[in-house]
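Coordinate inspection notes
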Amino acid sequence: MARLPHLYVALSGHGFGHLAQVAPVLNELHRRGRPLRLTLQTLIPAEVLRGRIAADFTVVAGGADFGMLMVDALTVRVAESLTAYRDFHRDWAVRLAWQEAQLQAAAPDLLLADVPYLSLAAAARLRIPALALCSLHWADILRGYGADEPDLEALCAPMLAAYNSAVAFLQPTPSMPMPDLCNARPIGPIAALGESRRAQIDQRLGLRGDETLVLVGLGGVSLRPRLETWPVLPGVRWLVPPDWAAPRADLLSWAALEGLSMPDLIRSCDVLFTKPGYGAFTEAVCNGTPVLYVERPDWPETPWLCEWLTDHGDGVCIERAALEQGALAEPLRALLAQPPRPALAPTGIAEAADWLERLLG
């Protein structure tokens, strides 16, 4: 039997936005019937991975990066993150040896990184071809918080060397500029497309069908607003994560919607309520869903995400205080009054899949 090409994916576990970029590309390879052996190295739980990735895969448990340490989905622990990066680089040789051992054991034909630089550095040392894919990289994110740190460039140097060692660094639209990369290759947006299941949702949740249904998804890092203090908005129902105890009739858990994917929910609801993040914004725009989002002014990627949403979708920003107080009636009214825009095609999926097919031979 012929040996299957082996793709090894190093996937950041900093939220679910990295999975939202990689999964549609892997699913496109699967749709094309590409015979492939697939390994994922990540800290993202296997059940979450299987909810997004259609192909069979093996999981290697272990993180090659941590992104930034978070208080919650909106608040970065800046000082602790800088300390963590210094510790990470102080033990660089040990960490690199560990990652090399994982890759040597797997013996892949190609590494895809979104976007752990340790994995890219190990692949370069082992002469394994590598492709990076992400709307950001951690050196630029770190610079956004540590510009005044005297050792910033020393921290960033091995990160940038690793990113530049890849055959290409694919930048799905919208991406940060990444001026320090010599191998950047812009591609179109990446987003999973869902199916409208609104009638099924209304039936399961006992809704009339004329309510405004708002899907609340603030990302893979926990943040639960004080829902109990929110005012009741007539005609508005909030669809919230299962682990949020929903104490009122207008707060509905999506636990009752088993079998529907997150892209299905985004496409089926009237509004996505979220924070600036690649997966949330692109999946909303590419599924034609308006976005109500909480400000995230310190996150370095935010300006490019918000500019793109303004150019291609419908969005309204609220302050953090409005989230805490539930002062959402007027922002919702303004959002729903915007003329709806047509859904955008996620053309970056096929472009990234083409890159992988060429490199896998």
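Scroll up to find the structure.
Below or above, wherever it landed, is the structure these notes cover. Sequence positions are assigned chain by chain, starting from 1 and proceeding in written order. Only residues with pLDDT of 70 or above have their local features reported here, since the model is predicted, and side-chain atom pairs are shown and tallied only from 80 upward, although totals for entire chains, interfaces and linings are computed over all residues. To get the side-chain values, all heavy atoms of the structure are used, and hydrogens and water are removed first.

1. Concerning the pattern of salt bridges
For this analysis, a salt bridge means a side-chain nitrogen from Lys or Arg found within 4 Å of a carboxyl oxygen belonging to Asp or Glu. Tallied over the full model, the rule gives 23 salt bridges. We note a salt bridge from Glu100 to Arg125, for which the minimum N-O separation is 2.2 Å. With Glu100 in helix H4 (residues 92–106) and Arg125 in helix H5 (residues 117–126), the pair connects residues that are 25 residues apart, well separated along the chain. Think of it in three bands: with a 1.4 Å probe and only protein chains considered, a residue is buried below 20% of the maximum accessible area for its type, exposed above 50%, and partly exposed in between. Judged by its relative accessible area of 12%, Glu100 falls in the buried class. Between Glu195 and Arg197 there is a salt bridge, with its nearest N and O atoms 3.7 Å apart. What makes Arg197 partly exposed here is its relative accessible area of 25%. By sharing partners, the salt bridges in this structure join Glu28, Arg31, Arg32, Asp354 and Glu357 into a single network. Elements are defined by DSSP. Helices are runs of H or I of four residues or more, strands are runs of E of two residues or more, and each kind is numbered from the N terminus.

2. A look at unusual backbone geometry
For the bond running from Asp114 to Val115, omega is -10 degrees, close enough to zero to count as cis. Mapped onto the fold, Val115 is located in the loop between strand E4 (110–114) and H5. Here the bond from Thr173 into Pro174 is cis, since omega is -5 degrees, no more than 30 degrees from zero. Relative to the helices and strands, Pro174 resides in the loop between strand E6 (168–172) and strand E7 (184–187). Unlike most non-glycine residues, Arg127 shows phi in positive territory, near 60 degrees. Relative to the helices and strands, Arg127 resides in the loop between H5 and strand E5 (130–133). Its relative accessible area of 78% is what places Arg127 among the exposed residues. Even without glycine at this site, Met178 takes up a positive phi of about 55 degrees.

3. What to know about the sheet that holds strand E2 (residues 37–42)
Across the sheet, which stays open at both edges, the seven strands sit in the order E3-E2-E1-E4-E5-E6-E7 with parallel pairing between neighbours. Each edge of the open sheet carries a strand with a single partner, namely strand E3 (58–61) and E7. Across the sheet, the mean angle from the axis of one strand to that of its neighbour is 20 degrees, orientation sign disregarded. Throughout, a residue-residue contact means that at least one pair of heavy atoms, one from each residue, lies within 4.5 Å. For helices, the axis comes from a line fit to the C-alpha atoms of the stretch in contact; other axes are also lines fit to C-alpha atoms, and the angle between any two N-to-C directions lies between 0 and 180 degrees. Along the sheet, helix H1 (residues 17–31) makes contact with strand E1 (6–11), E2, E4, E5 and E6, crossing E1 at roughly 165 degrees. Seen against the sheet, H5 touches E1, E2, E4 and E5 and runs at an angle of roughly 160 degrees to E4. Two strands are said to pair when DSSP picks up at least two bridges between them.

Everything listed here is a matter of geometry and, on its own, says nothing about what the molecule does.
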